[in-house]
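Inside the fold
As a plain string of letters, each chain reads:
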Amino acid sequence: MRRILVVDDDLHVGQAIQVWLRHHGFRVSNADSGPGGLAALDNATFDLMIVDVFMPHLRGFEAIRLFHERAPTVPLIAISGYAFSDTESSGPEFVRLATRLGATRCLRKPFKPTTLLSVIDECLSAAEPHRRQVAALGAVADSLSEPQSKPNLSDPTLVTPVEPRRLGWRLW
């Protein structure tokens, strides 16, 4: 089951997203502030983050930068009712800035629940090959870090290699 972190200072928005995503099979953790969301990242791993751009205690796009720095391989959907509201003038610049700071996708509030599910699916699908590669590399690193036991040379079942000539074999 995929884990999603939702960080939004608007309690109603956070709860609505949480209910909708749980209904669709996701495990969801909510945080109502930037520091609360960063603490959640320290205590658990997530497959995706949904982060409000403008929250108290964080200046503007600082939230995106901080969350991306803390979990650079986790897709981040930036949401805002303000930053992406004017898509004809400054909106595209906000989207470029959010993407440059680490957002995978951006959504303007209010958004349809089906739109959110579609964007989540796109983000998770795009991240899947990378997630598999990281998991495989982690398994290799774990196996290499396990201590290798030395052979017990007094073990009578231990077979030692013997040169073919000592056995009377001719190689040519």
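Rules and cut-offs
Residues numbered from 1 in each chain as written. Predicted model: local features only at pLDDT ≥ 70, side-chain atom pairs only at ≥ 80, totals over all residues. Heavy atoms only, no water. Helix = DSSP H or I, 4+ residues; strand = E, 2+ residues; numbered from the N terminus. Contact = heavy atoms within 4.5 Å. Areas by Shrake-Rupley, 256 points an atom, 1.4 Å probe, with all protein chains shown as cover. Salt bridge = Lys/Arg side-chain N within 4 Å of Asp/Glu carboxyl O. Buried < 20%, exposed > 50% of the residue type's maximum accessible area, 1.4 Å probe, protein only. Phe/Tyr/Trp six-rings, centres within 6.5 Å; stacked < 30°, edge-to-face > 60°. Pairing = 2+ DSSP bridges. Axes fitted to C-alpha atoms, helices over the stretch in contact; angles between N-to-C directions.

**Observations regarding the overall build of the protein chain**
Tallying secondary structure elements over the protein chain gives five helices and five strands in all. The helix and strand sequence of the protein chain, counted from the amino end, reads β-α-β-α-β-α-β-α-β-α. Considering only contacts within the protein chain whose residues lie at least 6 apart along the sequence, 70% involve residues at least 24 apart. A total accessible area of about 11,200 Å² is found for the protein chain, and carbon and sulfur atoms account for 56% of it.

**Considerations on the pattern of salt bridges**
Scanning the entire structure with this criterion turns up six salt bridges. The shortest N-O distance in the salt bridge between Asp 42 and Arg 70 comes to 2.9 Å. Taken together, the residues Asp 42 in helix α2 (residues 34-43) and Arg 70 in helix α3 (residues 62-70) connect sequence positions 28 residues apart. Residue class for Arg 70 comes out partly exposed when judged on its relative accessible area of 41%. Between Arg 105 and Glu 122 there is a salt bridge whose closest N-O contact spans 2.1 Å. A residue pair is termed long-range when its members are at least 10 positions apart, and Arg 105 in strand β5 (residues 105-108) and Glu 122 in helix α5 (residues 113-145) qualify at 17 residues. According to the relative accessible area criterion, Arg 105 is partly exposed, its value standing at 30%. Salt bridges linked by common partners bring Asp 8, Asp 52 and Lys 109 together as one network.

**Re the packing of aromatic side chains**
Enumeration according to the criterion identifies one aromatic pair in this entry. Seen in terms of ring centroids, Phe 54 and Phe 61 are 5.8 Å apart; in terms of plane orientation they differ by 70 degrees. Their pairing is edge-to-face.

**Looking at the environment of Leu 107**
By secondary structure assignment, the location of Leu 107 is in strand β5. Sequence-wise, Leu 107 and Gly 81 are 26 residues apart; in three dimensions their C-alpha atoms are separated by 8.6 Å.

**Observations regarding the side chain of Asp 52**
In this fold, Asp 52 is placed in strand β3 (residues 48-52). In this structure, Asp 52 is in contact with Val 7, Asp 8, Asp 9, Ala 63, Ile 79, Ser 80 and Lys 109, ignoring residues within four places of it in sequence.

**A word on the sheet that holds strand β2 (residues 27-31)**
On the basis of which strands lie adjacent, the open sheet formed by five strands has the order β2-β1-β3-β4-β5 and parallel pairing. The open sheet has two free edges, formed respectively by β2 and β5, since each of these has just one partner strand. The average undirected angle you get between the axes of adjacent strands in this sheet is 20 degrees. One ladder, built from four bridges, connects strand β1 (residues 3-7) with β3; its direction is parallel. Within the sheet, the bridge partner assigned to Leu 5 lies in β3 and is Met 49. α2 contacts β1, β2 and β3 of the sheet and is inclined by roughly 160 degrees relative to β1.

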